[in-house]
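# Geometric and topological summary
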Amino acid sequence: MHIEHELKLDFKDVLIRPKRSTLTSRSNVDIARQFAFRHGKDAYDGIPIIAANMDSTGTFDMARALQPVGLSVALHKHYAVEEYAAYFNGLERKSAAFYSIGITRADEEKFDKVMAAAGGRIGYACIDVANGYHENFVTFIARIRTAWPELVIMAGNVVTGEMTEQLILSGADIVKVGIGPGSVCTTRKMTGVGYPQLSAIIECADAAHGLGGLICADGGCATPGDVAKAFGGGADFVMLGGMLAGHNESGGERIERDGQAFRRFYGMSSKAAMDKYAGGVAGYRAAEGKEVLIPDRGPVEVTVHEILGGVRSACTYVGARRLKELTKRTTFVRVTQQLNEVFGKG
Ligand code: 5GP
């Protein structure tokens, strides 16, 4: 047994210190990014925020709502081959949508079929497992990289620098970072395993950037300020589940209770998800996600506007004219309190 004594941080442990700047208005801030990749060919041009590949956020409706604003979506795994093919065939900005793929034989076969049916028009894929520390996962990434040399591959999830490096060297362009921080994730509760998300971002970004790779901070953002902190910590992309859930475009059954409308939202390793897609929780495992009811939040456009407004404003507070400069201009201060909650948590 070994204990690491260095303090690791979460979003709630820090604030971003303001800095003198000449920026006059947040409308002057450019939050789009252009990325070229270490392996994949199709360059990214857009706002580097991605809707999570959960079945209630990674929907075609979400993709259609986020595309015009410049954000991207990681589509969930449960559409039919023809549905993906039709979607990718009509997609103009390839980086607007990631095809999600697990590491089973069936996942790979389905991917091959969709690629064929879409005439090879999938530019971005997300190879997704709960635990990215498996040898099988590394081998799988290497195989997909060899099979599709031009594909932009995002792969995860991991939380440490050495595994980030391993995934990039095996063929990943973007490493997805986060174990346990998600809004409907119960991994930390069920297993005791995890890593404070802001420190994971800082450490993995450093490792990735040294190799010409990128990272996507996945999970744990509950406010626009958290998204700004993730970018400030070095994330190239930020993936959002809970913040985009509960909207008209989110999927998830709508339920009325006492005159109020709610939407179901659940983790992809929850009992609800396994009942729906895998005929229940297999006998040898426990669910590592939960289900919640979110008050219906209407069109996602309004929430996205708030998130982007928050990130732009964070940039003006530290004098970053472009999102690209935010990390360089970020100094985190450790705090013991985030918000004044005298009138509630809103
Ligand atoms: P959020 O933005 O809601 O805080 O986090 C979203 C992320 O939580 C997803 O992108 C995914 O990585 C993770 N996630 C989704 N469902 C589950 C689950 O059932 N269990 C765990 N451990 N993580 C999940």
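As a further point, take the site of the ligand. Close to the ligand lie 20 residues; Ser183, Thr187, Asp218, Ser269 and Glu288 are nearest. At 2.5 Å from an oxygen atom of the ligand is found a side-chain nitrogen or oxygen belonging to Ser183. Gly242 places a main-chain nitrogen or oxygen 2.7 Å from an oxygen atom of the ligand. Taken together, the residues of the shell around the ligand break down into six nonpolar, twelve polar and two charged.

A few words now on the nonpolar core. Counting residues in hydrophobic clusters, the biggest one holds 80 residues, and the most contacted among them are Phe88 and Val227. The element best represented in this core is helix α10 (residues 300–318), accounting for seven residues. Sequence-distant contacts of Phe88, defined by excluding residues within four places in its chain, comprise Leu75, Ala97, Phe98, Tyr99, Ala118, Arg121 and Ile122. With 21 residues, the next largest nonpolar core counts Tyr44, Ala52, Val184 and Leu214 among its residues.

Of all the five residues making up strand β6 (residues 97–101), five are buried; the element is thus mostly covered by neighbouring parts of the structure. Neither face of β6 is open: one carries Ala97, Tyr99 and Ile101, the other Phe98 and Ser100, and all of them are buried. Sheet topology places strand β5 (residues 72–74) next to β6; two bridges connect them, and they run parallel. Across the sheet, residue Val73 finds its bridge partner in β6, namely Ala97. For the crossover that starts at β5, traverses helix α2 (residues 81–89) and ends in the parallel β6, the hand is right-handed. Bridge count between β6 and strand β7 (residues 124–128): three bridges; the pairing is parallel. Bridging across to β7, Tyr99 finds its partner in Ala125. The handedness of the β6 to β7 crossover, carried by helix α3 (residues 105–117), is right-handed.

What follows concerns the sheet that holds strand β12 (residues 254–257). In sheet architecture, strand pairing relies on hydrogen bonds along the backbone and comes in two forms, parallel and antiparallel. Judged by pairing direction, the sheet is antiparallel, and its three strands sit side by side in the order β12-β13-β14 without closing on themselves. Lying at the two open borders of the sheet, with one neighbouring strand each, are β12 and β14 (291–295). Between one strand and the next, the sheet's axes are offset by a mean angle of 40°, whatever the strand orientation. Relative to strand β13 (residues 260–266), β12 runs antiparallel, the two sharing four bridges. When the sheet's bridge partners are listed, Ile255 is paired in β13 with Phe262.

Attention now goes to the pattern of salt bridges. In total, this model carries 21 salt bridges according to the counting rule given. Notably, a salt bridge pairs Glu203 with Lys8, separated by 2.8 Å at the nearest N-O pair. Separated by 195 residues along the polypeptide, Glu203 in helix α7 (residues 197–210) and Lys8 in the segment before β1 (14–16) bring together distant segments of the chain. With a closest N to O distance of 3.9 Å, Glu150 and Lys41 form a salt bridge. Here the residue Glu150 occupies a position in the loop between α4 (135–147) and β8 (152–158), and Lys41 occupies one in the loop between β2 (33–35) and β3 (44–46), the gap between them amounting to 109 residues. Judged by relative accessible area, which is 59%, Lys41 ranks as exposed. Several salt bridges converge on common partners, so that one network encompasses Glu4, Glu6, Lys8 and Glu203.

Rules used in this analysis
- Residues numbered from 1 in each chain as written.
- Predicted model: local features only at pLDDT ≥ 70, side-chain atom pairs only at ≥ 80, totals over all residues.
- Heavy atoms only, no water.
- Near = heavy atom within 4 Å.
- Polar contact = N/O pair within 3.5 Å; in protein donor to acceptor, adjacent residues only side chain to side chain.
- Nonpolar A, V, L, I, M, F, W, Y, C, P; charged D, E, K, R; others polar.
- Core = buried A, V, L, I, M, F, W, Y, C linked by side-chain atoms within 4.5 Å.
- Buried < 20%, exposed > 50% of the residue type's maximum accessible area, 1.4 Å probe, protein only.
- Helix = DSSP H or I, 4+ residues; strand = E, 2+ residues; numbered from the N terminus.
- Contact = heavy atoms within 4.5 Å.
- Pairing = 2+ DSSP bridges.
- Right-handed = clockwise from strand over helix to strand, strands pointing away.
- Axes fitted to C-alpha atoms, helices over the stretch in contact; angles between N-to-C directions.
- Salt bridge = Lys/Arg side-chain N within 4 Å of Asp/Glu carboxyl O.

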